[in-house]
Amino acid sequence: MSSLNLNTSFLFHTGTISRSKSPTFHLFHTLTKLPISSITTKKVNQRFYPSPSFSVSAVLTNEDVLKGENTQREKPAFNFKSYMVNRANTVNQALDDAVSLREPLKIHEAMRYSLLAGGKRVRPVLCLAACELVGGTEPMAMPAACAIEMIHTMSLIHDDLPCMDNDDLRRGMPTNHKVFGEDVAVLAGDALLSFAFEHLAVDTAKAGVPPARIVRALGELSKAIGAEGLVAGQVVDIASEGIADVGLEKLEFIHVHKTAALLEGAVVVGAILGGGADDEVERLRKFARCIGLLFQVVDDILDVTKSSQELGKTAGKDLVADKVTYPKLLGLEKSREFAQELNKDAHAQLSAFDPHKAAPLLALANYIAYRQN
């Protein structure tokens with residue numbers, strides 16, 4: 001495995017990267033032209049505490065819960081495990097209701113097979129948490145949360161196809177095309193994508209959200225998954241396979257678009273539907289871009305450090321496909337340091353919000369940083 005020798009100097013500035021005498025990471029915000037707060041590299045304790053006055057317990061390790069410092073004992077710790085279980089159950093029920101088994105049975109069976117196959121429901125939970133952080137309620141964002149999970153599921157079905165990543169395993173189960181055939185798998189993804197927008201538009205209106213917010217949310221989500229978002233990242237990813245000189249800039253473009261864009265869409269759409277002010281929406285956008293890239297950096301690390309059984313999907317497939325990854329370019333340790341920096345900056349974006357209301361998003365950032373599958 002090749003490694004890039006970096007003297008870890010991460011210097012973030014608005015729209016540009018300041019270069020020290022050693023190479024620096026060409027970070028994702030330069031692609032989007034949005035300012036990210038300046039940070040410098042230092043050793044970050046994996047027990048990252050967003051606020052000295054509030055303790056966040058997040059699912060960070062196989063031991064399930066890693067507790068933060070409890071500097072004010074009278075304030076109970078946020079139980080992230082319980083929060084995620086409850087939210088995932090609520091989302092699962094909403095998804096089951098939204099995509100019921102009806103005629104034509106074949107296509108709905110295929111849609112439900114992948115949509116209801118489990119998963120952590122990180123994206124819909126991000127949407128709900130962002131909505132509530134800015135003063136909204138769960139019913140205002142639940143249709144959008146479900147729509148985002150439908151779109152995410154579509155991307156997984158299509159990503160697993162033989163013409164793409166050619167994968168046989170997803171969430172510990174045979175991939176959609178292995179069960180229903182390639183033709184139905186393609187159509188199941190198409191159906192989930194189109195129904196996602198219908199569900200967001202129609203059911204969000206039933207929740208009493210103003211039409212202007214719904215239109216803005218639809219535009220935001222469309223951009224996140226189209227030729228300027230998820231699709232762009234996928235195309236560049238495919239074109240980069242087997243190329244020896246893919247550098248950090250192109251790798252970050254791939255992941256900012258292929259992975260981070262939908263996570264950003266989830267957070268921003270939730271904030272919009274919840275009635276967030278423009279400055280709140282933009283702070284949450286920056287937070288989402290941090291955790292979106294963080295998600296992929298961690299995914300790259302897990303791909304080379306975990307087994308297929310541990311991951312619930314095929315391990316080592318990026319190496320087999322000769323894809324460029326962070327461990328391949330930086331080595332494992334530098335990749336882990338980069339992940340810590342992204343998590344630190346994600347927390348910084350939420351410092352302007354009430355720490356109690358921000359607790360779910362703070363804990364979600366930790367979860368993404370330290371997940372094991």
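Residues numbered from 1 in each chain as written. Predicted model: local features only at pLDDT ≥ 70, side-chain atom pairs only at ≥ 80, totals over all residues. Heavy atoms only, no water.

An unreviewed UniProt entry lists the protein under the name Geranylgeranyl diphosphate synthase, from Stylosanthes scabra. As stated in UniProt under Sequence similarities (unreviewed entry), the record for the protein gives "Belongs to the FPP/GGPP synthase family." In its Cofactor (unreviewed entry) section, the UniProt record describing the protein reads: "Mg(2+)". (UniProt positions renumbered as here; feature names shortened; annotations may be inferred.)

(A) Geometry of the packing of aromatic side chains. Evaluated as defined, the whole model comprises five aromatic pairs. Ring geometry for F80 against Y367: centres 6.0 Å apart, planes inclined by 45 degrees, an arrangement best described as tilted. Placement of the pair is F80 in helix 2 (residues 80-98) and Y367 in helix 16 (residues 355-370), with a sequence separation of 287 residues. Neither residue differs from the other here; F80 and Y367 are each classed as buried. (Phe/Tyr/Trp six-rings, centres within 6.5 Å; stacked < 30°, edge-to-face > 60°. Helix = DSSP H or I, 4+ residues; strand = E, 2+ residues; numbered from the N terminus. Buried < 20%, exposed > 50% of the residue type's maximum accessible area, 1.4 Å probe, protein only.)

(B) Helix 11 (residues 278-305), seen in detail. Across its 28 residues, helix 11 extends 40 Å between first and last C-alpha, which sits within 8% of the 40 Å expected from 1.5 Å per residue. For helix 11, a buried count of 21 out of 28 residues is recorded, marking the element as mostly surrounded by other parts of the structure. (Expected span 1.5 Å × (residues − 1).)

(C) Looking closely at the pattern of salt bridges. Taken as a whole and judged by the stated rule, the model has 18 salt bridges. A salt bridge links R171 to E149, with the nearest nitrogen and oxygen atoms 3.7 Å apart. With R171 in the loop between strand 3 (169-170) and strand 4 (173-174) and E149 in helix 5 (residues 138-159), this pair connects stretches of sequence that are 22 residues apart. Judged by its relative accessible area of 25%, R171 is partly exposed. Judged by relative accessible area, which is 1%, E149 ranks as buried. Counted as one network, the salt bridges with shared partners bring together E220, E264, E282, R285 and R289. (Salt bridge = Lys/Arg side-chain N within 4 Å of Asp/Glu carboxyl O.)

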